[in-house]
Amino acid sequence: MTLEQLRIFVAVAEREHMTAAARALNVTQSAASAAIAALEERHAVKLFDRVGRGIVLTETGREFLTEARGVLARAAAAEVVLEELSQLRRGRLRLVASQTIAAYWLPPILAEFHARHPALRVELAIANTVHAAARVRDGEADLGIVEGRIDDPVLARWPVGADRLVLVRSAPFGREKIDAAWLRNARWIRREAGSGTRSSLDIHLRRLGVDPTALDVALVLPSNESVRTAVEAGAGVAALSSLVVAPAIAAGTLHAAPLEFGPRTFHGLRHKERYRSKAADALLEVIAALT
């Protein structure tokens, strides 16, 4: 049974005339007759009685007409949904981002995205880099944005933005020389394993000749805010995103070390074999325009 057969059946039933129905649907009379015959033969029923030169619905035909109209209405509604989704007039974007990005970098981008596409719903999940990548890999998110390095053969990865790590503590650094020896002797407040901030710092430390596993770590904390608060309380030093520490540096509760870690790239993530939604493409267009 096809939608075309149902359309022809409904048109014939409503007009009780084969030729008029065929003309209305712009098909030949033989095509219309064949569609009705196929339905009747396949299901061993009679949908119409031939009375003289006319046709009328049988009892079976009248019962089937209600169902056929319902199927065609659902098909039309489904077509409208696809059209609206393709034109971004409805839909959702499942997005996952690591903490720094979700809390500090994404909000103005999402505000612009909503202004451009108010009918699209954004579902934002926050996870560290490793867990964010897992959500994209498992199909729980359409798009991920992370600051840590991810090497997964099923995920496409490309740069979308950047920030910098800043070494901070609660007291001014003055003229202190911040070198490898200083970094080894410092007492550290660290993010948890799997965090993009932690993995980025580890890369920078190794470049400076410092083994991250040999650091004197006072605390390991699960969020940027908890690390920042601990450093402000004098518990040790930390390397956090410039986006995270800028307000505290401006307020004088944190002080930046005279050490340049270099830029840190934010990366978009998507599954190579899954469909990339138009909503995800629309967000990437906004990111490209604003960054």
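Residues numbered from 1 in each chain as written. Predicted model: local features only at pLDDT ≥ 70, side-chain atom pairs only at ≥ 80, totals over all residues. Heavy atoms only, no water.

Tallying secondary structure elements over the protein chain gives 11 helices and 11 strands in all. Since a compact globule built from 291 residues should have a radius of gyration of about 19 Å, the 32 Å found for the protein chain marks it as more spread out than a globular shape. Out of the 291 residues belonging to the protein chain, those deemed buried represent 44%. For the protein chain, the exposed area adds up to about 15,200 Å²; of that, 52% sits on carbon and sulfur atoms. Once the 38 positive and 33 negative side-chain charges of the protein chain are each reduced to a mean point, those two points are 3 Å apart. (Helix = DSSP H or I, 4+ residues; strand = E, 2+ residues; numbered from the N terminus. Rg over C-alpha atoms; globule rule 2.2 N^0.38 Å. Buried < 20%, exposed > 50% of the residue type's maximum accessible area, 1.4 Å probe, protein only. Areas by Shrake-Rupley, 256 points an atom, 1.4 Å probe, with all protein chains shown as cover. Lys, Arg positive; Asp, Glu negative; His and termini not counted. Charge placed at Lys NZ, Arg CZ, Asp CG, Glu CD.)

Turning to the packing of aromatic side chains, a few remarks are in order. Considering all chains together, one arrives at four aromatic pairs under this definition. When the centroid spacing of 5.7 Å and the interplanar angle of 55 degrees are considered together, the rings of F9 and F48 count as tilted. Of this pair, F9 sits in helix α1 (residues 3–15) while F48 sits in strand β1 (residues 48–51), and the two are 39 residues apart along the sequence. Exposure class is identical for F9 and F48. Each is buried. Here the guanidinium or amino end of R169 rests over the ring plane of F173, the centre of that ring lying 4.2 Å away. (Phe/Tyr/Trp six-rings, centres within 6.5 Å; stacked < 30°, edge-to-face > 60°. Lys NZ or Arg CZ within 6 Å of the ring centre and 35° of its normal.)

We now examine the packing of α1 against helix α2 (residues 18–25). For the pair α1 and α2, the least separation of the axes is 8 Å and the interaxial angle reads 130 degrees. As judged from the angle between their axes, α1 and α2 are oblique. Along this stretch, α1 crosses α2, giving a crossing that reads as right-handed. For the pair α1 and α2, contact is made by R7, I8, A11, V12 and R15 and by M18, A20, A21, A24 and L25, respectively. Looking at the contact of α1 with α2, its residues break down into eight nonpolar, no polar and two charged. (Axes fitted to C-alpha atoms, helices over the stretch in contact; angles between N-to-C directions. Parallel < 35°, antiparallel > 145°, perpendicular 65-115°, else oblique. Left-handed = near helix turned anticlockwise from the far one by under 90°. Contact = heavy atoms within 4.5 Å. Nonpolar A, V, L, I, M, F, W, Y, C, P; charged D, E, K, R; others polar.)

With that settled, consider helix α11 (residues 278–290). For α11, with 13 residues, the first-to-last C-alpha span of 19 Å sits near the 18 Å given by 1.5 Å per residue. On the buried face of α11, the contacting elements are β3 (92–97), α5 (99–116), β5 (143–146) and β6 (155–169). (Expected span 1.5 Å × (residues − 1).)

By the secondary structure assignment, S277 is in the loop between β11 (263–271) and α11. Here A280 takes part through its backbone nitrogen, which lies 3.1 Å from a polar atom of the side chain of S277. (Polar contact = N/O pair within 3.5 Å; in protein donor to acceptor, adjacent residues only side chain to side chain.)

Attention shifts here to the nonpolar core. L95, W105, L106, I145, L283 and I287 are the most contacted members of the largest nonpolar core, which has 23 residues in total. Those elements giving two or more residues to this core turn out to be β3, α5, β5 and α11. Counting residues in hydrophobic clusters, the runner-up holds 21 residues, among them V10, A11, A21 and L57. (Core = buried A, V, L, I, M, F, W, Y, C linked by side-chain atoms within 4.5 Å.)

The pairing of β1 with strand β2 (residues 54–57) spans four bridges and is antiparallel. Paired with V51 across the two strands is G54, which belongs to β2. In textbook terms, the turn of a hairpin is the stretch between consecutive antiparallel strands, and for β1 and β2 this stretch comprises two residues, one of which, G52, has a positive phi near 60 degrees. (Pairing = 2+ DSSP bridges.)

To continue, consider the pattern of salt bridges. In total, this model carries 20 salt bridges according to the counting rule given. Its salt-bridge partner being R62, residue E59 comes within 2.8 Å of it at the nearest N-O pair. One end of the pair, E59, and the other, R62, are both in helix α4 (residues 59–86), three residues apart, so they sit about a helical turn from each other. For R191, the salt bridge goes to E192, with nearest N and O atoms at 2.8 Å. Taking the relative accessible area as the measure of exposure, R191 reaches 5% and is therefore buried. Here the salt bridges do not stand alone but share partners, grouping R92, R121 and E123 into one network. (Salt bridge = Lys/Arg side-chain N within 4 Å of Asp/Glu carboxyl O.)

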